Amino acid sequence: MSEEDFEGTIVLEKMAEVGKIDAFFDAIDADDFGKVKALMKRANIDAETIAIILKKMSEADGES
């Protein structure tokens, strides 16, 4: 999957499947990259998608 083809809904669906959507959003809001990554791994999200999410998080940090 390329960043242009990225669809965040899939990530949210997988988070919901493992019951961690609130924890996922809390970790994103707290800029807790380690927890975000761990939650995505727990939801069996592929490494490429994890990298895209973490990249988008770091880019958003720089835009304040």
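As a reminder, the structure under discussion sits directly above these lines.
On a predicted model such as this, the values are computed, not experimentally measured, just so you know. (Residues numbered from 1 in each chain as written. Predicted model: local features only at pLDDT ≥ 70, side-chain atom pairs only at ≥ 80, totals over all residues. Heavy atoms only, no water.)

Would you mind showing me how to read the nonpolar core here?
For soluble globular proteins, nonpolar side chains are generally found buried alongside one another. Judged by nonpolar contacts, the single largest core of 13 residues is most densely connected at Met15, Phe24, Val36, Met40, Ile45 and Ile53. Among the secondary structure elements, those contributing two or more residues to this core are helix H1 (8-17), helix H2 (21-29), helix H3 (33-42) and helix H4 (47-61). Here this core gets four residues from one element, more than from any other, and that element is H4. Contacts of Val36, omitting those with residues within four sequence positions, involve Phe24, Ala27, Ile28, Ile53, Leu54 and Met57. (Core = buried A, V, L, I, M, F, W, Y, C linked by side-chain atoms within 4.5 Å. Buried < 20%, exposed > 50% of the residue type's maximum accessible area, 1.4 Å probe, protein only. Helix = DSSP H or I, 4+ residues; strand = E, 2+ residues; numbered from the N terminus. Contact = heavy atoms within 4.5 Å.)

Looking at this structure, how should I read the environment of Leu54?
Relative to the elements of secondary structure, Leu54 occurs in helix H4. As a C-alpha pair, Leu54 and Ile28 span 26 residues in sequence and 9.4 Å in three-dimensional space. Residue contacts for Leu54: discarding those within four places in its chain leaves Phe33, Val36, Lys37 and Met40.

Would you mind going over the packing of H2 against H3 with me for this structure?
Axis separation between H2 and H3 bottoms out at 8 Å; the angle between their running directions is 155°. Taken as axis vectors, H2 and H3 run roughly antiparallel relative to one another. Considering how the two elements wind past one another, H2 and H3 form a crossing that is left-handed. For the pair H2 and H3, the contacting residues are Ala23, Phe24, Ala27 and Ile28 in the first and Lys35, Val36, Leu39 and Met40 in the second. By residue class, the composition of the contact of H2 with H3 is seven nonpolar, no polar and one charged. (Axes fitted to C-alpha atoms, helices over the stretch in contact; angles between N-to-C directions. Parallel < 35°, antiparallel > 145°, perpendicular 65-115°, else oblique. Left-handed = near helix turned anticlockwise from the far one by under 90°. Nonpolar A, V, L, I, M, F, W, Y, C, P; charged D, E, K, R; others polar.)

Even after reading the chapter, I still don't get unusual backbone geometry, so can you show me in this structure?
For residues that are not glycine, phi is negative in most cases, and the peptide bond is trans in most cases. The phi angle at Asp31 is positive, at roughly 55°, despite the residue not being glycine. When its relative accessible area of 39% is taken as the criterion, Asp31 is described as partly exposed. Despite not being glycine, Asn44 shows a phi value in the positive range, around 60°. Among the secondary structure elements, Asn44 is positioned in the loop between H3 and H4.

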